[in-house]
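Fold and contact review
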Amino acid sequence: MATNAYIPHAPGYVDNDGPKIVSQRFVHEDSYTIERYEATGGYDGLRAALNRTPSAVHDEVRNATVLGRGGAGFPAGVKWGFMPPGKFPYYLVVNGDESEPGTYKDRLLMERDPHQLIEGCLITCYALGLAQCFLYVRGEMALAQERIAQALNDAYARNYVGRNILGSDFSVDITLTWGAGAYIVGEETALIESLEGNRGMPRLKPPYFPAAIGLYGQPTIVNNVETLSNLPWLVLNGADAYKAYGSETSPGTRMVAVSGHVNRPGVYEIEQGVTTFRDLFYGDNFGQGIRNGHELKMFIPGGGSSPWFFPEHLDLPLEAKPVGEAGSMLGSGAIVVMDETTDAVRAALRVVRFFARESCGKCTPCREGTTWEERILQRILDGEGRPSDIDMLLDIADNISPGPYPVAADPSQGLDAVPFPPKQTTICPLGPSSVAPIVSTIRRFRHEYEAKITRRDTIPVSVEPVTGSSDHHEVSA
Amino acid sequence: MTDTANDVSTVSVTVNGVEIEATPGELLIDACERTGTYIPRFCYHPRMKPVGMCRMCLVEVDAGRGPGLQPSCMLPVSDGMRVETESDLTKKAQDGVLEFLLANHPLDCPVCDKGGECPLQDQTMAFGPGETRFVEEKRHYEKPIPISDTVYLDRERCILCDRCTRFADDVAGDTLIHFMDRGNNTQVNTFPDEPFASYFSGNTVQICPVGALTAAPYRFKARPWDLEETVSTAWTDSVGSRVTVQSSRNQVVRLLGVDADAVNWGWLSDKERFAFEALNSDRRLGAPQLRQPGGELVDAGWAPALAAVTDALKQTPASRVGLIGGARLTNESQYAWTKLFKGGLGTDNVDAQLGDGLPAQLVLSLRRASINEACRPGGTVILCGPDLKEDLGALYLRIRHAVVNDGVTLIEITPTRTGLSGIAAHSLHPAAGEVAALASALVAAQRGEAQGAAGVSAEQVAQAAAALSGPVTVVLGRPSIAESVDSVTAAALALTELPDVAFLSALRRGNVHGALDMGMAPGLLPGRTPLSAGTVSEVWANTPSEPGLDTEGMLRAAAAGELDVLVLLGADPLSDFPDRQLARKALEAVTTVVAIESLPNPSTLAYADVVLPAAMATEVDGTFTNLEGRVSVSEQKVTPPGTARADWMIASEIARRLGNDLGFGSTADIRAEMVSVSPLFAGLTEEALIEHRIEGVLVTGSSISLPSASAPETPHHDAYSLRLVTGRRMYDAGTMVQASSSSAGLAAAVAVRLGTADFERLGCAEGTTVRVASAQGELLVPVVHDRGVPTGSAALAANAPGSPANTLIDCSTSVTEVRVERP
Amino acid sequence: MTTEFFSNDNLHLAHEIVSRYPVKKSALIPLLHLAQEQHGWVCDDAMRQIADLTGTTPAEVRGTGTFYEMFKFHPVGKYVVNVCTNISCQLLGGEELLAHAEQTLGVKAGGTTADGLFTLEDVECIAACTEAPCLQVNYRYRLKVTDDDFDTLIADLRAGRTAEIPEHGTLAAVRQHIPADAMAGIVPPEQATEMPVWLSRNNQDAGGQG
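Quick caveat: nothing in here was measured; it's all calculated off a predicted structure. (Residues numbered from 1 in each chain as written. Chains lettered and ligands numbered in written order. Predicted model: local features only at pLDDT ≥ 70, side-chain atom pairs only at ≥ 80, totals over all residues. Heavy atoms only, no water.)

1. A closer look at the sheet that holds strand 6 (residues 145–146) of chain B
Residues and elements named next belong to chain B. Taken together, 3 strands build an open sheet; the order of strands is 6-7-10 and the sheet is antiparallel. If you trace the sheet from one side to the other, it starts and ends with strand 6 and strand 10 (213–215), each paired once. When strand 6 meets strand 7 (residues 151–153), the two strands line up antiparallel, connected through 2 bridges. Its bridge partner lying in strand 7, Ile145 is registered against Leu153. (Pairing = 2+ DSSP bridges. Helix = DSSP H or I, 4+ residues; strand = E, 2+ residues; numbered from the N terminus.)

Pasting the structure below:
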């Protein structure tokens, strides 16, 4: 692999104590090679699958309750069951478009164990009778594309992929494809649009799952990289072994990235529903405390789209239900820690700005609303805020996501939590996600906003346009 | 969307507390509108797939899982659904969307063409807040940019509803405008230097819910509140699209498509939409003209002009008089002119077609299909005719929709690739002149005897035959004037052998089907009746007993000195007759040429002795018969220029001066007589025409029997010559197009198009001027490589400005062989 | 009319890429990448030829392409430097790093240096959150970047000491290639309506496969 040697291993993974499923090979420098993969039980899951009926493999996945790791946390086995019988061909689309702010795990899995992902794809294709698999990798991840391309070439050469796999009647092609920079393509119907050569704009729902009408109008399974990476181990070791890890409703392990103000940021494979946020931030095995002895001010528990949590949430386990009831979500395993030096308005603006820049432009409330929110926040931060801006922000937010927005309780004000998920006036959750930092910070730190606003109360002059990179700013034909 | 199955089951939906009935699958927004509850919308359009983008139609819906906001444009009704279109939640959401839409929308309503008929303005006035909370700077783009010769785009006004772009892509198949960039910077635009040159671009202006798209012919011409309007029928082709004609100060300023479910679904080709400009053209004839001894046409009064006509007719035996044209006229005027000639003068030398169509007997005897029948889900359309995109734009859109969305199978039997080839299941391109052999082969293959024919392999024929499913509609027309019509006739007769087959005529010219129904062809009487039946003899004094001459026959007779008076009723034989040499000889030889014309054309300018100015479509009352046989109202909206008159009045006046009054004081009188002379027209009562004002009244039945014909022999290909294929383009050198200021420039300069092998053999670069020569004449034109032209053929458009292909054609031969050479 | 943009080698590659999808249009984004690899940015001729290769119109190609920020429709620097300022990086100095980068390069985010060497961009999360603040140069990572690191990087790039970083437009150094004899078969969806053979195993005795 001389061509790859110049690019360092994607760092950040911490090999701590605890069960390992998807990161089991990360201890090896050459974990991405087919030689290492084969030497460490690689493709045994595929062999095991081929010795069973496809439906038996599907049953194993269903019984294990493998929750989707892309953000929504929907059980993969159930999703698979939505395929309408007989409407061939079926397709598999692998969502490797990891771009949720704070999320860093699929890239590691693609760069450091691409064969594990490929094997997971093959098991899925076998179990469901899929005609072709498309491995869609985020455009910016050149090394991941390179590692998967090499892995696929090697796997084809050794007959793990392609015609009559391992001498069986099972044949499937895997096509590596890649994006070109658009967060929204992580939404599964937008991903399908992108794969069809279109602008990555989410499709109307219903149908709610591409299983009904997906790629080229055919039944399609879209699964996340980490979800599929679990399958070789699962098929080899069985659902019971899988369920021995984690909690009853969230079995198995998952990869989480802890970033921001902890002493040891890192990507950890943890047991779902067992490990708590406190463990992650303060445990010796994990983050080893808030940096430089500072205090925890707030944290984002599940990526940029999730409402924010505060110190009183530290003892919640990383499990969908309690986190949802507390007003947020686990999302894509992205945990961003902020200490007391963090400016809540500035941090909120940065996340809102992300959504404004990444809005696909399809739904009016998101296209216009996210940019508007951003510009108001920028004005406030620039000292050009108006007293009415705070309530206006909340009202604009309400027009994107109507009704009470999911938010953590605030005991000091006697306010209860609003459970997840939010309602939306839009097709997909991107616009409503932009509301999370606004509602989270205004409820808890309204005084920080007011402090920035009360300095001025004249009507501000409009500020310069803020969004976008250079390419999207041509204003004349 | 057309013929829904007879599904009697309905579902019950409660809208604002009132229970309504809806059909399963019906969209909530439609069900509400149908029952009187209008839900505001910008992106939704009933003739296009919903995209749910604008979010304006959000309403509170409880479909059993608790109330929530749902876009009513993408939600099919379900039984027991409860809908609140006026609730606080609904209002808040809709107000929010409106505020978002206005955030970046300029407040230039006073100078916006859409002002006064703008859905965004209307919504804002009705429900919007008094003032804006948006204090940031709005998006800025260069103010309107031309995206084609006729359409301007103001991106600041655009609310990104995807209607125009959806239309271009999904409906027209001309994906030349598209969303560009992303998010808040999304804009509609073309590719640089590739304009929105679609034949259907005007539809995007009509469906734009704001003033972002405007059409050059209407920009700053009028305000909506100054307009008067009437429902009428488009006249430039035979689809009979339903339109609203809008006028201001006695001038037509705009045509809008009307959604007639049976016909055009609200769409128009740009030719239909903008042809009104020709009505307002400076070139319009406003006074009669007489040719002076020096050769010049000079304005004259009606009295001397009519006298010149009647003098000529009085001196001439009926057998030496002929009438060519009439397809431009209303049914009533056609009836009057037929009565004048066949019932008064007693000659059957009448032909509304110019040798470029199909035999009247064939068109009137084939079992006919309506457009909706052709578009039935699960059926098959065989296109054996011209490129519909060029000739019959609105029909092209209907067929395209049926193929793309409703599972209709399209099989083309055309001399070259067409605008529908991209979606055709099979495109078979027979050698010119040999379409009948291919049609017979298809029929044989359908019976299990596969064989190749006309340069198409047995395998291709077999595959096409295997694709035939459900009821078959043959869209039948004349694909090329460079081959004998006999081959098309023989092909049609062969295709009648297919099971469950019917035909839809693709004769292109305006009211040509009305002309055939009124008897404007040799051997015919009104009401699809053969001359031999003689049923109108009680009303008509002098019906001829023997069939007369068709246009080719009249021209030959004229050239041979056997015809003395030729009346051109809106006809231009020099440009439109396939054989220009014959047309010229005939016009030169004939003693008196009388032209009834609205705009001067090359034939009348050079050869007419008397020109009588006629009123045009929006200047006369009457009816129009489309290619299905559907009769719809064409209503007067403005007065004709000068002293121009309705054609039927001119016929009446000539008849009166000849001493046989037609007896007509109004178009209603004419219609009453039409109803009385033929049971076919029994349905065309005033009441029925009013009741079916939008859809029209379909006239069915015929007493004409199928002609017999055999395919002509075609010469063997020699290695050096190619067979000429000459079809129409939407924009050509025709007087109507050339008198429409926004269309005139769109008539492309002609080029000879060659398939890959012939182009490579020629061995010169695209655009090189080459010599195209036949036994009849030659042209110097640029050559273009076109993969859609089969080997052995050379395609050259008919009636292109400056390069008339009919100089090459000898209409007595079955095919036109040409050599294409480097000069 | 066909417009020739791709080199012979790349045209060959383009056809191979198209063949990996059941529907040609799916190759649109990969072909835009290929065009950018050949030319550094996506020019109009490239889009015309991609339209031809994928059975679309140039307007569609541009419509799709401009949705994605990695595609550049005007010349950019040989090195596109993407500094992440999203939340994880912001918390550890991403915005300050960007400000430093603007000063070092003398251009604002979105700008290109006068020598055409560098284009600086302020980008969203690039999935290296635990290694903040981070950046990419032509999609090759640099992690936990200090101001000094940045200046060294720029100096190295100027001096050509960064052989592992290709010119802008090139992504993976290894391409997928499916040998014809190993390919299971990629056909349009309407030609793949049969049930895959191995699914018939479900109808056989569940225990009979061992």
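2. A short note on the domain arrangement of chain C
Under the domain assignment, chain C is made up of domain 1 (8–65) and domain 2 (79–159). In this structure, domain 1 of chain C and domain 2 of chain C have C-alpha centres spaced 29 Å apart. (Domains from an automatic or database assignment.)

3. Thoughts on the nonpolar core
Residues A:Leu122, A:Phe170, A:Phe277, A:Leu280 and A:Phe281 are the most contacted members of the largest nonpolar core, which totals 255 residues. Excluding residues that lie within four positions of it along the chain, A:Phe281 makes contacts with A:Val258, A:Val262, A:Gly287, A:Gln288, A:Gly289, A:Ile290, A:Leu296, A:Phe299, A:Leu314, A:Ile335 and A:Val337. Among the nonpolar cores identified, the runner-up in size contains 55 residues, and B:Ala305, B:Leu340, B:Trp540 and B:Leu662 belong to it. (Core = buried A, V, L, I, M, F, W, Y, C linked by side-chain atoms within 4.5 Å. Buried < 20%, exposed > 50% of the residue type's maximum accessible area, 1.4 Å probe, protein only. Contact = heavy atoms within 4.5 Å.)

4. Describing the domain arrangement of chain A
Residue and element names in this part refer to chain A. According to the domain assignment, chain A consists of domain 1 (11–243), domain 2 (253–339) and domain 3 (344–460). Here domain 1 and domain 3 have C-alpha centroids that lie 35 Å from each other. Taken residue by residue, the interface counts 13 residues in domain 1 and 8 residues in domain 3. Roughly 890 Å² of surface becomes buried between domain 1 and domain 3 when both sides are summed, with 77% attributable to carbon and sulfur atoms. On the surface where domain 1 and domain 3 come into contact, there are 0 salt bridges. Here domain 1 is connected to domain 3 by 2 residue pairs in polar contact (both at pLDDT 80 or more). The residue inventory of the side of domain 1 that touches domain 3, partitioned by class, reads 7 nonpolar, 2 polar and 4 charged. (Buried area = accessible area lost by both parts, 1.4 Å probe. Salt bridge = Lys/Arg side-chain N within 4 Å of Asp/Glu carboxyl O. Polar contact = N/O pair within 3.5 Å; in protein donor to acceptor, adjacent residues only side chain to side chain. Nonpolar A, V, L, I, M, F, W, Y, C, P; charged D, E, K, R; others polar.)

5. So, the interface of chain B and chain A
With 43 residues of chain B in contact, the opposing surface of chain A contributes 44 residues. Both faces combined, the contact of chain B with chain A buries some 3700 Å², and carbon together with sulfur accounts for 51% of it. In terms of surface lost to chain A, no three residues of chain B exceed B:Phe100, B:Arg133 and B:Arg182, which account for 22% of the buried area on that side. Across the chain B-chain A interface, the total number found is 6 salt bridges. For the salt bridge of B:Lys92 with A:Asp398, the shortest nitrogen-to-oxygen distance reads 3.0 Å. Counting across the interface, chain B meets chain A through 22 residue pairs in polar contact (both at pLDDT 80 or more). For the side of chain B that touches chain A, the secondary structure elements donating two or more residues are helix 2 (88–103), strand 8 (177–180) and strand 9 (187–190) of chain B. Of all the elements, helix 2 of chain B adds the most residues to the side of chain B that touches chain A, at 8 residues.

6. Let's talk about the interface of chain C and chain A
Listed by partner, the interface residues are 80 residues for chain C and 100 residues for chain A. Summing the contributions of chain C and of chain A, the shared interface buries around 7300 Å²; its carbon and sulfur component is 55%. It is C:Phe67, C:Trp198 and C:Arg201 in chain C that bury the most area against chain A; as a group they hold 11% of the surface buried on that side. There are 8 salt bridges connecting chain C and chain A. Two residues, C:Glu96 and A:Arg346, come together in a salt bridge whose shortest N-O distance is 3.4 Å.

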